[in-house]
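# Structural description and commentary
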Amino acid sequence: GAGVSQSPSNKVTEKGKDVELRCDPISGHTALYWYRQSLGQGLEFLIYFQGNSAPDKSGLPSDRFSAERTGGSVSTLTIQRTQQEDSAVYLCASSLLAGVVTGELFFGEGSRLTVL
Amino acid sequence: DAKTTQPTSMDCAEGRAANLPCNHSTISGNEYVYWYRQIHSQGPQYIIHGLKNNETNEMASLIITEDRKSSTLILPHATLRDTAVYYCIVRPSGGSNYKLTFGKGTLLTVNP
């Protein structure tokens, strides 16, 4: 596709359930990022992929959060045993190259997660 | 990482220039200044970036002071569609230069 695609756009779940959020980056982009944005807040960095490997997972808030990327393309962010504080918009971004100082990030529209 | 300081909100009349300031007094010599914006319910969008020289593209101009401790993003003829949160970001150098840290930004409201 022309841009970064995320699904689902909206997800409502019950506390304790697991959720999976998907990101399709722009074709050919080697770097992929997940951010989280809580209501009224700035973006919080979660994880960065270069190809299929994740050299920086430092932003994942707990071991309930995990992410993988396969084939250097699609990424899935999984949240296990969701809690109400996990409610946020989860944003995915990709860039053509990482480690290049001028690399522009292209963001998707986000997945809005609501945990009841 | 160098921190940035931006006003919480600003207003601008439609058709006038919007000048958004940003302070980044701890920026180091090889760190770039980036600007992104986020329109309501959308993902952030890249606007412009610069190191030392002033930059201009089809969206905006970026003016960086000679000491690089502050910068101004200029939207020359603001429209209602420019209403958004504008983020000023100092991109780290070296091994962490993939990591953009977004603060709370400036909410620019363009009024008719």
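Above this text sits the structure in question.
Cut-offs applied
Residues numbered from 1 in each chain as written. Chains lettered and ligands numbered in written order. Predicted model: local features only at pLDDT ≥ 70, side-chain atom pairs only at ≥ 80, totals over all residues. Heavy atoms only, no water. Salt bridge = Lys/Arg side-chain N within 4 Å of Asp/Glu carboxyl O. Helix = DSSP H or I, 4+ residues; strand = E, 2+ residues; numbered from the N terminus. Buried < 20%, exposed > 50% of the residue type's maximum accessible area, 1.4 Å probe, protein only. Core = buried A, V, L, I, M, F, W, Y, C linked by side-chain atoms within 4.5 Å. Contact = heavy atoms within 4.5 Å. Disulfide = S-S within 2.5 Å. Buried area = accessible area lost by both parts, 1.4 Å probe. Polar contact = N/O pair within 3.5 Å; in protein donor to acceptor, adjacent residues only side chain to side chain. Nonpolar A, V, L, I, M, F, W, Y, C, P; charged D, E, K, R; others polar.

## Here's the deal with the pattern of salt bridges
Applying the stated criterion across every chain yields a total of 5 salt bridges over all chains. The salt bridge involving Lys99 of chain B is made with Asp56 of chain A; its shortest N-O contact spans 3.7 Å. Here Lys99 of chain B is found in the loop between β8 (84-91) and β9 (106-111), whereas its partner Asp56 of chain A is found in strand β6 (residues 53-56) on a different chain. The partner of Asp86 of chain A in a salt bridge is Arg64 of chain A, and the shortest N-O contact between them spans 2.8 Å. Of this pair, Asp86 of chain A sits in the loop between β8 (75-79) and β9 (88-95) while Arg64 of chain A sits in the loop between β6 and β7 (65-69), placing them 22 residues apart in sequence. In this pair, the class of Asp86 of chain A matches that of Arg64 of chain A, namely buried.

## A look at the nonpolar core
Of all hydrophobic cores here, the largest spans 21 residues; its most connected members are Trp35, Leu73, Tyr86 and Leu108 of chain B. Where this core is concerned, the elements lending two or more residues are β2 (18-23), β3 (32-38), β4 (45-50), β6 (61-64), β7 (70-75), β8 and β9 of chain B. The element that contributes the greatest number of residues to this core is β8 of chain B, accounting for 4 residues. Every residue in contact with Tyr86 of chain B, bar those within four places of it in the chain, is listed here: Gln6, Leu20, Trp35, Tyr36, Arg37, Ile47, Leu73, Leu75, Gly105, Thr106 and Leu108 of chain B. Counting residues in each nonpolar core, the second largest holds 20 residues, with Tyr35, Leu91, Ala93 and Leu105 of chain A among its members.

## What to know about unusual backbone geometry
Residue and element names in this part refer to chain A. Pro8 follows Ser7 through a cis peptide bond whose omega is -10 degrees. When you line up the elements, Pro8 lands in the loop between β1 (5-7) and β2 (10-13). In this model, Arg81 sits at a positive phi of 45 degrees, which is unusual for a non-glycine residue. Within the secondary structure, Arg81 is located in the loop between β8 and β9. The partly exposed category is assigned to Arg81, whose relative accessible area is 42%.

## Digging into the environment of Ala67 of chain A
Residues and elements named next belong to chain A. Mapped onto the elements, Ala67 comes out in strand β7. A residue is classified by how much of its surface remains accessible, and Ala67, at 21% relative accessible area, is partly exposed. Among residues more than four places away in sequence, those in contact with Ala67 are Ile47, Phe49, Thr76 and Leu77.

## Section: the state of the cysteines
The full count for this structure, using the stated rule, is 2 disulfides over all chains. The side chain of Cys23 of chain A participates in a disulfide bridge whose partner is Cys92 of chain A; the two sulfur atoms lie 1.9 Å from each other. Between Cys23 of chain A and Cys92 of chain A, the S-S dihedral sits near -65 degrees, and the bridge is therefore left-handed. With Cys23 of chain A in strand β3 (residues 19-24) and Cys92 of chain A in strand β9, this pair connects stretches of sequence that are 69 residues apart. Left without a disulfide partner, Cys12 of chain B is nearest to the cysteine sulfur of Cys22 of chain B, which lies 18 Å away.

## Considerations on the environment of Glu14 of chain A
Residue and element names in this part refer to chain A. Examined against the element boundaries, Glu14 turns out to sit in the loop between β2 and β3. Of the residues examined, Glu14 reaches a relative accessible area of 52% and is grouped as exposed. Residues Glu14 and Val89, spaced 75 residues apart in sequence, show a C-alpha to C-alpha distance of 16 Å. Contact partners of Glu14, with chain neighbours within four places excluded, come to Thr82, Val115 and Leu116.

## Remarks on the interface of chain A and chain B
Often the size quoted for an interface is simply the accessible area lost on bringing the parts together. Across the contact, 22 residues belong to chain A and 19 residues belong to chain B. Between chain A and chain B the total buried area reaches about 1800 Å² when both faces are included, carbon and sulfur atoms providing 51% of it. In this assembly, chain A and chain B are joined by 1 salt bridge. Where chain A touches chain B, the interface holds 6 residue pairs in polar contact (both at pLDDT 80 or more). Mapped onto the side of chain A that touches chain B, the elements with two or more residues apiece are β4 (31-37) and β5 (43-50) of chain A. Classifying every residue of the side of chain A that touches chain B by side-chain character gives 11 nonpolar, 8 polar and 3 charged.

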